[in-house]
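Below, each chain spelled out in residue letters.
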Amino acid sequence: MLRIFGPPGTGKTTTLLNICEKALAEGVKTQNIAFLAFTRKAATEAKERATKKFNLNPETDLPYFRTLHSLAFRLSTIKESQLMQKENFDDLSQRVGVALSVTKAFEDDMEQVVTSDHPILSLINLARLRKVPLRKQYDLSNILYTWEEVSYIQRAYDAYKLSNMVYDYTDILENFATKGIHNCPAFTLCFMDEAQDLSPLQWDIAHGLDDRSTRMYAAGDDDQAIYRWAGADVDHFINLNGASEVLEQSYRVPRAVHRVAEMIAGRISNRFPKVYRPRQEEGSVRRIYGLAEVDMTEGTWLIMAQANYMLSPVAEELKNAGLLFERNGHRSISEKTSSAVNGWEQLRKGRQVTMATAQNIYDYMSGNGKRVARGFKRFSAMDDGKMFDLPTLQLQYGLCVGDDLAWFDALDKLPDVDRVYISALLRSGEKFNATPRIRVSTIHGTKGGEADNVILFTDLSQAALNEYGDDLHRVFYVGVTRTKENLFVVEPEDATRSYMV
């Protein structure tokens, strides 16, 4: 297994695809190449880039460009009908007397899989991913449940799956690692991207794939390993036997930011030593006391903090400034609201809108003849695909107002907070229906992202202060290296509860 270390912005995925391209030119079939990623986002990006670069059909030509979980399920004996679903977790909740909340596995390319985010079940899965006894994982955790409660849920959970012959997210990996790996094709080339984030259980699979591959590459960067809390075993990646290669040129990080990044990397006690060159541009690093010191009306921006709760005041400040942004994957003004406001203004200009937009407009208007006549608030399926102008809506679909009312007055059910925010956006010249230039995120949530300008808060939560060490150094290394041009470091509220950048 050859390691490829890809420091920030060095084009790790491009390097792997270049190796693919060379192999294809030598006659290797796409079906004999596996490109496995840790997250759905990374797997999708690799698949899309390979499809475009090699002019391939993503469905038929790249069957093994997917997440590790997805590969494990595809090649396992577990059927889709045997996967734990919401009704299974609801049933188990009733039996044990504990509400086991459910969430979709959004970070994977397996829409059919449902997982629980209940702390006890999360702890059980973490122990399995790390291949350690549950009691040991419990003793390492800060979970607010007794050992008796955790042990009881574990026994009940295992018994439920066994009696109902159903499997969960982690079962897919365990099943593949012990049984399914023998059904895996023999690959000519196998790539494991973001290898620093693999858990011990996933490393078992990686080594099994290595045994069945002519050549295997494990690509990643130990300095960016920020998921140890989720079971990642970065030490395994660092200590792998065999040859290694370091990508030496960053196409993202400017020189001024590179110096800060190298200073932070130097604090990491356990790392693979590597040297890479920054871009020729100097860039800038500037210390500020707040967002008011920065003009964010142009360019792309990434605003990051160590903990999510620290970003709520940031969101409020951006709204007050009339700036459009995205937080946790959601636009600061919803697509529905944008559609309704923009759609109404299009109607006033004599243009047409789709049925979906017309429905959004009606949803923000009062019925009973105030804005829309009684019985006309909902469009029917028969209207799907039609286009509507203002006269048609007035004559045939119960609209009671005309183009003399701007959106502010026409959409009388629009919440006041949205009304005020949209007005601020328009005053500042922002196109509220555009793709946000500004992204607000925790550092963990933005790994892999980049922006022209980065604003980095250095305040730390109590949990981070309690675990100050290599993991925290890596988190802030990732934070500063998202920068393409300018890094703004926000001075902390309390220097004794902050990270020194």
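Note: the structure precedes this text.
Quick caveat: nothing in here was measured; it's all calculated off a predicted structure. (Residues numbered from 1 in each chain as written. Predicted model: local features only at pLDDT ≥ 70, side-chain atom pairs only at ≥ 80, totals over all residues. Heavy atoms only, no water.)

## A few points about the nonpolar core
Okay, so step 1: Met296, Leu318, Trp344, Met365 and Ile455 are the most contacted members of the largest nonpolar core, which has 50 residues in total.
Okay, so step 2: Those residues in contact with Met365 that lie beyond four places of it in its chain are Trp344, Arg371, Val372, Lys377, Leu399, Val401, Ala410, Leu411, Asp412 and Lys413.
Okay, so step 3: One finds Ala72, Val113, Ala195 and Phe272 within the second-largest nonpolar core, a separate group that totals 35 residues. (Core = buried A, V, L, I, M, F, W, Y, C linked by side-chain atoms within 4.5 Å. Buried < 20%, exposed > 50% of the residue type's maximum accessible area, 1.4 Å probe, protein only. Contact = heavy atoms within 4.5 Å.)

## What about the pairing of strand β6 (residues 187-192)?
Working note: regular strand, side chains alternate between the two faces of the sheet.
Okay, so step 1: For β6, the tally of buried residues reaches five of six residues, placing the bulk of the element in the interior.
Okay, so step 2: Here strand β2 (residues 33-37) pairs with β6 via four bridges, running parallel. If you follow Leu36 over to β6, its bridge partner there is Met192.
Okay, so step 3: By the bridge criterion, five bridges tie β6 to strand β7 (residues 213-220) in an arrangement that is parallel. Considered in β7, the bridge of Phe187 is made with Ser213. (Helix = DSSP H or I, 4+ residues; strand = E, 2+ residues; numbered from the N terminus. Pairing = 2+ DSSP bridges.)

## Points about the sheet that holds strand β9 (residues 284-288)
Okay, so step 1: Read across the sheet, seven strands follow the order β9-β17-β16-β10-β15-β11-β12 without closing on themselves; strand pairing throughout is mixed. Every interior strand has two partners, whereas the edge strands, β9 and β12 (330-331), have only one.
Okay, so step 2: Direction of pairing for strand β10 (residues 301-305) relative to strand β15 (residues 438-442): parallel, over a ladder of five bridges. The residue bridging Met304 from the neighbouring strand is Ser441, located in β15.
Okay, so step 3: Taken strand by strand, helix α12 (residues 312-320) contacts β10, β11 (325-327), β15 and β16 (451-457), and its axis lies near 160° from that of β11.
Okay, so step 4: Sheet contacts for helix α19 (residues 470-480): β10, β16 and β17 (483-490); angle to β16, the most-contacted strand, approximately 145°. (Axes fitted to C-alpha atoms, helices over the stretch in contact; angles between N-to-C directions.)

## Structural notes on the environment of Lys12
Okay, so step 1: Considering the arrangement of structural elements, one finds Lys12 in helix α1 (residues 12-25).
Okay, so step 2: Taking the relative accessible area as the measure of exposure, Lys12 reaches 11% and is therefore buried.
Okay, so step 3: For Lys12 and Asn125, which are 113 residues apart along the polypeptide, the C-alpha to C-alpha distance reads 30 Å.
Okay, so step 4: In terms of polar contacts, Lys12 uses its side chain to reach the side chain of Asp193, at 2.5 Å. (Polar contact = N/O pair within 3.5 Å; in protein donor to acceptor, adjacent residues only side chain to side chain.)

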